[in-house]
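# Summary of structural features
In case you want the letters, here they are:
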Amino acid sequence: MQIIEEGQGKLSINAAAHIIIPMSEQIDQFFAPNGTLISIPVKAAKKIAVLKVIASKLSPDTKYPEKELNAIIAIYHHDTAAIRRHMIEYGILERDGGSVYWVVNAS
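Described in the following lines is the structure provided in the data block. If you're wondering where the values come from, they're calculated on a predicted model, not measured in any experiment.

### Quick word on the overall build of the protein chain
Counting its regular elements, the protein chain contains 4 helices and 6 strands. Shown N-terminal to C-terminal, the secondary structure of the protein chain runs as helices and strands in the order β-β-β-α-α-β-α-α-β-β. Expressed as a percentage of the 107 residues in the protein chain, the buried residues total 35%. Summarising the internal contacts of the protein chain: among those between residues at least 6 apart in sequence, 37% fall at separations of at least 24. On the protein chain, roughly 6,700 Å² of surface is accessible, and the fraction owed to carbon and sulfur atoms is 54%.

What follows is the structure, encoded as structure tokens:
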């Protein structure tokens, strides 16, 4: 599967069928109808897209203590530590030397 950039969103091309599938539709499979995360994707592009969905619920102007951030993440997935680590790893969140987190300014 090949990922291409087009406009604001990323698209995936299924090489076998030559079908273009928006990334948002590809990540829907990882969320239950109630919005909780069923599983964390293995492929980086999908994992980042899923993490950005969760991060979109955070205010970019707020610094979150770990306990408060965990409460928000827990709405989506029980493994709050894994989600936090992935968000840091992929540059979606930053943290200070302690336990305060904030959304990275994407501009």
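That shown, we press on.
### Side note on the pattern of salt bridges
Per the counting criterion, the structure on display carries 1 salt bridge. Here Glu 66 makes a salt bridge to Arg 84, at a shortest N to O gap of 3.6 Å. Note that Glu 66 is positioned in helix H3 (residues 66-73) and Arg 84 in helix H4 (residues 80-89), a separation of 18 residues in sequence. Classification of Arg 84 by relative accessible area gives buried; the value is 11%.

### Notes on H4
Inspection of H4 places Thr 80, Ala 82, Ile 83, Arg 84, His 86 and Met 87 among the buried residues, and these make up the whole buried set. Those residues of H4 that are buried lie in contact with helix H2 (44-55), H3, strand E5 (93-95) and strand E6 (100-103). Positive phi appears at Gly 91, one or two residues downstream of H4, with a value of about 75 degrees.

### Comments concerning the sheet that holds E5
If you walk across this open sheet you meet the 3 strands as E4-E6-E5, and the pairing is antiparallel. The sheet is open, and its two borders are formed by strand E4 (64-65) and E5, each paired with just one other strand. In this structure, E4 lies alongside E6, joined through 2 bridges in antiparallel fashion. Across the sheet, residue Tyr 64 finds its bridge partner in E6, namely Tyr 101.

Criteria and cut-off values
Position labels on residues start from 1 in each chain and follow its written sequence. The model is predicted, so local features are restricted to residues of pLDDT at least 70 and side-chain atom pairs to those at 80 or more, both for listing and for counting; the totals for chains, interfaces and linings are taken over all residues. Side-chain calculation: all heavy atoms of the structure are included, whereas hydrogens and water are not. Put simply, DSSP H or I for four residues or longer makes a helix, DSSP E for two residues or longer makes a strand, and each gets a number counted from the N terminus. Working definition: with a 1.4 Å probe on protein chains only, accessible area under 20% of the residue-type maximum means buried, over 50% means exposed, and in between means partly exposed. Contact definition: two residues touch when any of their heavy atoms are within 4.5 Å. Residue exposure ignores everything except the shown protein chains as possible cover, and the areas themselves are Shrake-Rupley values with a 1.4 Å probe. What makes a salt bridge here is a side-chain nitrogen of Lys or Arg within 4 Å of a carboxyl oxygen of Asp or Glu, nothing more. Criterion used throughout: strands pair if DSSP finds at least two bridges between them.

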